[in-house]
Amino acid sequence: MARTRRTRRNRGTPLTIVLLVLASISIITLDYRGDAHGVISGIKRVAHDAFSPVQSGVDAVVHPLGSFLAGAVNAGAIQQQNARLRAEIERLQGQAAAHQDEAVRLRALEELDRLPFAAGIPTVTGQVIGLNSSDFASTVTLDVGTSSGVAIGMPVVGGAGLAGQVIDVWSDGCTVRMVTDPRSAVGVRYGPQGALALAQGGGSDQLLDIAYIAPGTSMHRGEVLTTSGLQQARYPAGIPVGTVTSFSSSASSTQESVTAKPVVDLDALEYVDVLQWLPPT
Amino acid sequence: MTSADVARTTIVVFVVLAVQHALLDSVRIAGAHPELMYLLPIMAGYVAGPERGASVGFAVGLVADLFLPTTFGLSALVGCLLGYGTGLATAGLVRTSWWLPPLVAAVATSAGLSAYAILGTVLGEPRLLADYLPAALAVAVPAAALFAIPVLRLVAWAVPPATPAGGAEVGGAAR
């Protein structure tokens, strides 16, 4: 049993911890205010470029173990997903494939090839190669970067609609903030009149919170929300974002409480398109 | 710390970073995954005392921030406080119990995750406390206890214990 003894503590120097804390706070302040944003982005880009070959090598070695661990943890969900995919494959006509994975990938890529929205905007197809690098954000990593024409701020879509936005990019990869991330806010339209609202992320695996809808507004479950594309908007117009799942209001509320489910299955993303479109400055 | 110590520490940091991204980022339960990067400053403080723990924590946090979408410098701040706090709290303990490192890792990791969420909330990052922290605690804390001893061995190889002016080793080595 551990006994606490009175040993001579290392008083050390409080100066070290004070200096480190001050340095950390200074860095946070610079990044928060945006004063050093360009420098910090450049450093991150260099770090990603330097680390990605190492990461690829390690990933190639440990990927089987990682897949085993992920599968062991999510065995139930994977079994359900497999059953759903088998049912989808049986319904597809003319989609013969030797293996279930190849059929799903082929279907995902074909959907990306004939997007029913964002017509005329060039796209870059990328594969999801990494999930959230932090427990406090909803992001994915793609295998396309500046060398493929990807830039910060570009929208990212799946076959059904909006998935997120590029927030960080390096030569052969980028980080995408998903629409479910709490920092994500997408201007949307709904209804026959094209009324405006704001779709905000509710966290990983959560629904979207739709704000700025007046109480008593006529809505229905399954109503599709699309990007508004207003002047200075961060996304082009007409991209499906989510479908309304619930709506309610109380007598004293100033807005309708509305939730929506993202149209893109963010848990099953494998291939996405990066729209080579940037918000107007 | 000598240049050899710095080199070993650098190797350990990048090995842990590679394992985190290649293996553990894909092990997700309720959207959260194990966080090995918190263990480095914790074990550095445990092994080498508060000052070295703070220095290692700051460096590890800066490296982690390069690959995170959240505010740059936040992990460095949490890391140096975590390393310093762990070193201070464990300075007088006799290290003879096998369960001590996992216990220290679990308690310190929960403190680190909570501090990160609180500081992030202060900086305007939304919903960290309500939406992300519970799942992160439920997953990362047991994982920290599980990985504590292997990471402790790595850190002990890389970071030598500090020697105060009186010559006694920090960390209360058994006498």
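Now for a look at the structure at hand. Keep in mind it's a predicted model, so treat the numbers as computed, not measured.

## Some thoughts on the overall build of chain B
So, point 1. The secondary structure content of chain B amounts to six helices and zero strands.
So, point 2. For chain B, the succession of helices and strands along the chain, N to C, is α-α-α-α-α-α.
So, point 3. Taking 2.2 N^0.38 as the reference for a compact globule, 175 residues should give roughly 16 Å; the C-alpha atoms of chain B span a radius of gyration of 15 Å, in line with that estimate.
So, point 4. When burial is assessed residue by residue, chain B has 61% of its 175 residues classed as buried.
So, point 5. For chain B, contacts bridging at least 24 residues in sequence account for 69% of all contacts bridging at least 6.
So, point 6. Of the charged side chains in chain B, 7 are positive and 8 negative; the average position of the first set lies 9 Å away from that of the second.

## Here's the deal with the layout of surface pockets
So, point 1. By volume, the second largest pocket is sized at about 570 Å³.
So, point 2. Asp-31, His-37, Ile-167 and Arg-177 of chain A together with Pro-69 of chain B are, among the 24 residues lining the second largest pocket, the residues nearest its centre.
So, point 3. Of all the secondary-structure elements, those providing two or more residues to the lining of the second largest pocket are α1 (14-33), α2 (37-73), β4 (162-170) and β5 (173-178) of chain A.
So, point 4. With five residues, the top contributor of residues to the lining of the second largest pocket is α2 of chain A.
So, point 5. Broken down by class, the residue content of the lining of the second largest pocket amounts to nine nonpolar, eight polar and seven charged.

## Quick word on the pairing of strand β6 (residues 185-190) of chain A
Residue and element names in this part refer to chain A.
So, point 1. Relative to strand β7 (residues 195-200), β6 is paired through six bridges, and the arrangement is antiparallel. Bridged to Val-186 within β7 is Ala-199.
So, point 2. In this structure, β6 lies alongside strand β9 (residues 224-227), joined through two bridges in antiparallel fashion. What sits directly across from Val-188, in β9, is Thr-227.

## Points about the interface of chain A and chain B
Quite often, the size of an interface is put as the accessible area lost when its parts meet.
So, point 1. Contact with chain A, which involves 58 residues of that partner, is made by 64 residues of chain B.
So, point 2. For the pair chain A and chain B, the two sides together bury roughly 5500 Å², of which 64% comes from carbon and sulfur.
So, point 3. At the junction of chain A and chain B, the tally comes to zero salt bridges.
So, point 4. Listed by contribution, the elements that provide at least two residues to the side of chain A that touches chain B are α1 and α2 of chain A.
So, point 5. Residue contributions to the side of chain A that touches chain B peak at 15 residues, all from α2 of chain A.

About the thresholds
- Starting afresh in each chain, residues are numbered from 1 along the sequence in its written order.
- Whichever chain is written first is A, and whichever ligand is written first is 1; the rest continue in order.
- The predicted origin of the model limits local features to residues at a pLDDT of at least 70 and limits the giving and counting of side-chain atom pairs to 80 or more, whereas totals for whole chains, interfaces and linings rest on all residues.
- With hydrogens and water stripped out, all remaining heavy atoms of the structure feed into the side-chain values.
- In DSSP terms, a helix is any run of H or I states spanning at least four residues, a strand is any run of E spanning at least two, and both are numbered starting from the N terminus.
- Atoms considered for the radius of gyration are the C-alpha atoms alone. The globule rule reads 2.2 Å times the number of residues to the power 0.38.
- Buried, partly exposed and exposed residues are distinguished by accessible area as a fraction of the type maximum, computed with a 1.4 Å probe on protein chains only: under 20%, between the cut-offs, and over 50%, respectively.
- The contact definition used throughout considers only heavy atoms, calling two residues in contact when any of these lie within 4.5 Å.
- We score Asp and Glu as negative and Lys and Arg as positive, and we do not count His or the chain ends.
- Charged groups are reduced to one reference atom each: NZ for lysine, CZ for arginine, CG for aspartic acid, CD for glutamic acid.
- Cavity and pocket criteria rest on a 1 Å grid covering protein atoms alone: a 1.4 Å probe that fits but cannot get out defines a cavity, protein on both sides within 12 Å along at least 5 of 7 lines defines an open pocket, and an atom within 4 Å of a point defines a lining residue.
- Grid points are joined across faces, edges and corners, and a volume is the space filled by probe spheres set on the points.
- Each residue gets one of three labels, nonpolar for Ala, Val, Leu, Ile, Met, Phe, Trp, Tyr, Cys and Pro, charged for Asp, Glu, Lys and Arg, and polar for the others, Gly among them.
- Strands were regarded as paired on the criterion that DSSP finds at least two bridges between them.
- Once two parts are put together, the accessible area they lose, assessed with a 1.4 Å probe and summed over both, is termed the buried area.
- The term salt bridge refers to a side-chain nitrogen of Lys or Arg lying within 4 Å of a carboxyl oxygen of Asp or Glu.

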